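Inside the fold
Spelled out, the chains give:
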Amino acid sequence: MCGIVGILGNSSAVPRMMDSLKRLEYRGYDSAGVATVAGGSLDRRRAPGKLSALGDVLASNPLEGNSGIGHTRWATHGEPTINNAHPHMTERVAIVHNGIIENFKALKDELKAAGINFEGDTDTEVVARLMTRYLDDGLPPRAAFQETLGRLEGAFALCVLVAGEDNLMFGAREGSPLVIGLGDGENYLGSDAMALAGLSNQLIYMEEGDWVELTRDQYQIYSAANEPVDRTVSFSQVAATMIDKGNHRHFMQKEIYEQPTVVAQALGRYLDPIGGVVKLPDLSFNLAAVPKITLVACGTSFYAAQVARYWIEQIARVPVDVDIASEFRYRDPVYADGGLAIFISQSGETMDTLSALRHAKAAGQHIASIVNVTGSTMARESDLVMPIHAGPEVGVASTKAFTCQLAVLAAFTIKLASAKGEIDDTQVADYVAELEHAPALMAKILNADQQIETIAQDIAGARDILFVGRGIYYPIAMEGALKLKEISYIHAEGYAAGELKHGPIALIDENVPVIGIAPKGGLSEKTVSNLQEIMARKGKVVLFSDDEVPPADMYAHVAMPTAGDLISPILYALPVQLLAYYAAVEKGTDVDMPRNLAKSVTVE
Ligand code: G6P
């Protein structure tokens, strides 16, 4: 949420910052801005709306300087106007910020009482004016920054330039991620490895409470206690070329179609097809002794958790609690002694999920995380990290991360079931073989996308669409509804098919398409009966199923490959993603950057 970049370089900073902001735009796109310091003077350009609007401003009014800070905004305090856009600047400092300064009102009142005027409504401007005040009081830059940090409460990542100092930058991390990039006679700051992909592959992930003073040749990190500290330098594997649409029209399209490849990659890290076993990273606890599992996540990752509950309970026979992260700690959960809490997050930075992780950790649970970004805060705070190896996901609506999360959760389930003695070696090998087959079947589904595109075009005019499924396909129905509403803005809901008659069926008429997810066997007959009830009320039913003889009078039937319950949820994720994607394209919405959303939600 909000993207930050800072460059202390030896060539013009603006084009390099714009390049970096392009890769960060997924974090927020309500407004964008850059500031530089050149010959000691601070200057900035800002524009509401997408980064391209800032590009237009810079084209007609360029900005010089080799040192700069840049920002893409997802609005929290204050509308996405030019005045509220970052960088926030006084005659002495320019600041970009990600997060929320919770005590900003008290600080603002204090500064106003001292006669200081404000131009916008953001919490960030308070930081700029506060630091300016300390500089005006005669403090040198480092002390002024340190004093300012001491006054702030909340979650923030900050990047600061100081007037008169062409070779100086400050950064701070408290709750929101910030990464230092090391270059050759240059140094950088960024929200994540993606921000710095084109600049540096030597990264230092700052820890909670850390702050840093940077020049082109040096950096010094200080802890929350203001003690100088050393932090590990790690090597980033995110190359700028990985964050490219290639021949695709949208990142989301690229990410949907690369799923067979990335799921195969993910499975390759966890499965040994020859030995027929599952490999997990080394464990610091005994999996066989885990009495209960708690799964916590947000958004699409939450639906992956819901699918996993069915697997873990049915195959490993371990009780599972599944929670939406923002609700989790407030319900005062009852943990089991020695329980395992697993946090699922593409970014590894979602604030609600991270707070839930810390809650479970404080309660003595074993902590595992399933993340895409391996240098993320969640990964660093976990006992066991299971990376999903999906590669950078840029489209705001998650697709490949979802199927890779499922692949990893399926592998984990097999390992757990085997550790618990619920399945023998032959069954493990059978499950491994089934999972290995998933990428080929996924490719088959994606190759037959034409029919889904046509259906999507037909239903794109609907006002409401329902997705229904039962059992393990119920979370897939909810994920389908989420995908559709996120990017096409069509109102959609996912329901357990059997629940329709308890209310939602009142919505059905000839204008409401209903998408049924019902692979043959198991509960499919029941789901199909529920769909018959809809058709009897003129509902327009689209069925995704491998059943060769679907009920008559159906509006459309999309034939799916037949597969077992371990990989079917992964397969059925694809048609619902395609449906949402093509409906959004038909409606002409901004597929990769849907309104009001951001990919990495680092506020509560
Ligand atoms: C945002 C994104 C969703 C994502 C959710 C959780 O809402 O728009 O696509 O599923 O955050 O993100 P995480 O990084 O924790 O998986």
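Note that this is a predicted model, so its numbers are computed, not measured.

**Topic: the sheet that holds strand 13 (residues 219-222)**
Within the open sheet, the seven strands sit side by side as 5-6-7-8-12-13-14. Their pairing is antiparallel. In the strand order of this sheet, the two ends are held by strand 5 (88-89) and strand 14 (228-229), each with one partner. In this sheet, strand 6 (residues 93-101) lies alongside strand 5 in antiparallel orientation, the contact comprising two bridges. When the sheet's bridge partners are listed, His 88 is paired in strand 6 with Ile 95.

**Details of the sheet that holds strand 18 (residues 293-297)**
The strand order across the open sheet formed by five strands is 19-18-20-21-22, and the pairing between neighbours is parallel. Across the chains shown, the open sheet's two edge strands, defined by having one partner strand only, are strand 19 (320-324) and strand 22 (384-385). Pairing between strand 21 (residues 366-371) and strand 22: two bridges, direction parallel. Considered in strand 22, the bridge of Ser 369 is made with Val 385. Helix 11 (residues 351-362) rests against strand 18, strand 20 (340-345) and strand 21 of the sheet, and its axis sits at about 170° to strand 20.

**Here we look at the packing of aromatic side chains**
Inspection of every chain in the model, using the stated rule, returns seven aromatic pairs. Centre to centre, the rings of Tyr 581 and Tyr 582 are 5.0 Å apart; their planes meet at 75°, and the pair counts as edge-to-face. We note that Tyr 581, like Tyr 582, is buried. Put simply, the rings of Phe 145, Phe 170, Trp 211 and Tyr 222 touch in pairs and so form one group of aromatic residues. If you follow Lys 50 out to its NZ or CZ, it ends over the ring of Tyr 29, 5.9 Å from the centre. Sitting over the ring of Phe 118, Arg 129 keeps its end group 5.7 Å from the ring centre.

**Considerations on the domain arrangement of the protein**
With domains assigned, the protein is organised as domain 1 (3-247), domain 2 (253-446) and domain 3 (450-587). For domain 1 and domain 3, the distance between their C-alpha centres works out to 45 Å.

**Observations regarding the pairing of strand 7 (residues 154-162)**
Counting buried residues along strand 7, eight of its nine residues qualify, which places the element largely inside the surrounding structure. Pairing of strand 6 with strand 7 involves nine bridges; the strand directions are antiparallel. Bridge assignment links Ala 94 to a residue of strand 7, and that residue is Leu 161. Pairing between strand 7 and strand 8 (residues 169-174): four bridges, direction antiparallel. Each bridged residue has a counterpart across the sheet, and for Val 160 the counterpart in strand 8 is Phe 170. Linking strand 7 to strand 8, which pair antiparallel, is a turn of six residues; within it Gly 164 sits at a positive phi near 85°.

**Description of the packing of helix 4 (residues 123-136) against helix 5 (residues 141-151)**
The contact between helix 4 and helix 5 brings their axes to 9 Å, and the two run at 135°. The angle between helix 4 and helix 5 falls in the class oblique. In terms of crossing hand, the pair formed by helix 4 and helix 5 is right-handed. For the pair helix 4 and helix 5, the contacting residues are Val 127, Leu 130, Met 131, Tyr 134 and Leu 135 in the first and Pro 141, Ala 144, Phe 145, Glu 147, Thr 148 and Arg 151 in the second.

**Examining the nonpolar core**
Among soluble globular proteins, nonpolar side chains are generally buried collectively. Core analysis: the largest hydrophobic core is formed by 103 residues, its most contacted members being Ile 293, Leu 295, Trp 311, Ile 312, Phe 412, Phe 467 and Phe 544. Of the residues that make up this core, three or more belong to each of domain 2 (253-446) and domain 3 (450-587). Setting aside its immediate chain neighbours within four residues, Leu 295 contacts Ala 305, Ala 308, Arg 309, Ile 312, Val 320, Asp 321, Val 322, Asp 323, Ile 342 and Ile 344. Of all hydrophobic cores here, the second largest spans 27 residues; its members include Leu 130, Met 131, Leu 149 and Leu 158.

**With respect to the state of the cysteines**
Counting across every chain of the model gives zero disulfides. Distance from the sulfur of Cys 159, which forms no disulfide, to the nearest cysteine sulfur (Cys 2) is 13 Å. Free of any disulfide, Cys 298 has its nearest cysteine sulfur in Cys 2, 17 Å distant.

**Side note on helix 16 (residues 450-459)**
Among all positions in helix 16, only Ile 452, Ile 455, Ala 456 and Ile 459 are buried. The buried side chains of helix 16 occupy one side of the element, clustering within an arc of 100° when seen end-on. If you follow the buried residues of helix 16, they end up packed against strand 23 (464-469), strand 25 (513-517), strand 26 (540-545), strand 27 (556-559) and helix 19 (568-587).

**Some remarks on helix 15 (residues 438-447)**
Considered for burial, the residues of helix 15 that qualify are Ala 438, Pro 439, Leu 441, Met 442, Ile 445 and Leu 446. The buried residues of helix 15 occupy an angular sector of 160° when the element is viewed end-on, so they sit on one face. Relative to its buried face, helix 15 has exposed residues pointing more than 90 degrees away, namely Lys 444 and Asn 447. If you follow the buried residues of helix 15, they end up packed against helix 7 (251-257), helix 8 (259-270), helix 13 (400-419), helix 14 (425-436) and helix 19.

**Focus on the packing of helix 8 against helix 13**
Viewed as axis vectors pointing N to C, helix 8 and helix 13 meet at an angle of 25°, and their least axial separation amounts to 9 Å. In terms of orientation, helix 8 and helix 13 fall into the roughly parallel class. Crossing geometry of helix 8 relative to helix 13 is assigned as right-handed. Where helix 8 approaches helix 13, its residues Gln 259, Val 262, Val 263, Ala 266, Leu 267 and Tyr 270 are matched on the opposing element by Lys 400, Thr 403, Cys 404, Ala 407, Val 408 and Ala 411. Counted by class, the contact of helix 8 with helix 13 contains nine nonpolar, two polar and one charged residues.

**Comments concerning the pattern of salt bridges**
The tally for this structure, following the rule as stated, stands at 26 salt bridges. The closest approach of N and O atoms between Glu 119 and Arg 44, which form a salt bridge, is 3.2 Å. Of the two residues, Glu 119 is situated in the loop between helix 3 (104-113) and helix 4 and Arg 44 in strand 3 (residues 41-48); the sequence distance between them amounts to 75 residues. Under the relative-accessibility criterion, Arg 44 is labelled buried at 17%. We note a salt bridge from Arg 151 to Glu 110, for which the minimum N-O separation is 2.6 Å.

**Re the site of the ligand**
Around the ligand, the surrounding shell holds 14 residues, and the nearest of these are Ser 301, Ser 345, Gln 346, Ser 347 and Thr 350. Measuring from an oxygen atom of the ligand, one finds a backbone N or O atom of Gln 346 at 2.7 Å. Considered class by class, the residues forming the shell around the ligand number four nonpolar, eight polar and two charged.

Parameters and conventions
The numbering scheme is per chain: residues are counted from 1 as the chain's sequence reads. Only residues with pLDDT of at least 70 are given local features in this predicted model, and only at 80 or more are side-chain atom pairs given and counted; all residues enter the totals for whole chains, interfaces and linings. Each side-chain value is derived from all of the structure's non-hydrogen atoms; neither hydrogens nor water enter the calculation. When DSSP finds two or more bridges between two strands, those strands count as paired. Only DSSP runs of H or I reaching four residues or more are called helices, and only runs of E reaching two or more are called strands; each is numbered from the N terminus. For this analysis, residues touch if any pair of their heavy atoms sits within 4.5 Å. Axis lines are fitted through C-alpha atoms, for helices just across the contact stretch, and the angle between N-to-C directions can take any value from 0 to 180 degrees. Each Phe, Tyr or Trp ring, with Trp reduced to its six-membered ring, pairs with another whose centre is within 6.5 Å; inter-plane angles below 30 degrees give stacked pairs, above 60 give edge-to-face pairs, and intermediate values give tilted ones. Burial here depends on accessible area, computed with a 1.4 Å probe over protein chains only, as a share of the maximum for the residue type. Under 20% is buried, over 50% is exposed, and the range in between is partly exposed. The criterion is that NZ of a Lys, or CZ of an Arg, lies within 6 Å of the ring centre and within 35 degrees of the ring normal, and then a charge sits over that ring. What fixes the domain bounds is an automatic or database domain assignment. Oblique is the label for any angle not covered by the other classes, which are roughly parallel (under 35 degrees), roughly antiparallel (over 145) and roughly perpendicular (65 to 115). Working rule for handedness: look at the near helix, and if it is turned counterclockwise from the far one by less than a right angle, call the crossing left-handed; if clockwise, right-handed. In plain words, nonpolar cores are sets of buried Ala, Val, Leu, Ile, Met, Phe, Trp, Tyr and Cys residues tied together by side-chain atoms within 4.5 Å. When the sulfur atoms of two cysteines come within 2.5 Å, that pair is taken as a disulfide. The arc in question is the one spanned by the directions pointing from the helix axis to the C-beta atoms. Three categories are distinguished: nonpolar for Ala, Val, Leu, Ile, Met, Phe, Trp, Tyr, Cys and Pro, charged for Asp, Glu, Lys and Arg, and polar for the others, with Gly belonging to the last. Any Lys or Arg side-chain nitrogen located within 4 Å of an Asp or Glu carboxyl oxygen qualifies as a salt bridge. Proximity is defined per residue: any heavy atom of the residue falling within 4 Å of a molecule or strand makes that residue near it. N or O atoms closer than or at 3.5 Å make up a polar contact, with two conditions inside protein: a donor-capable atom paired with an acceptor-capable one, and, for residues adjacent in sequence, both atoms drawn from side chains.

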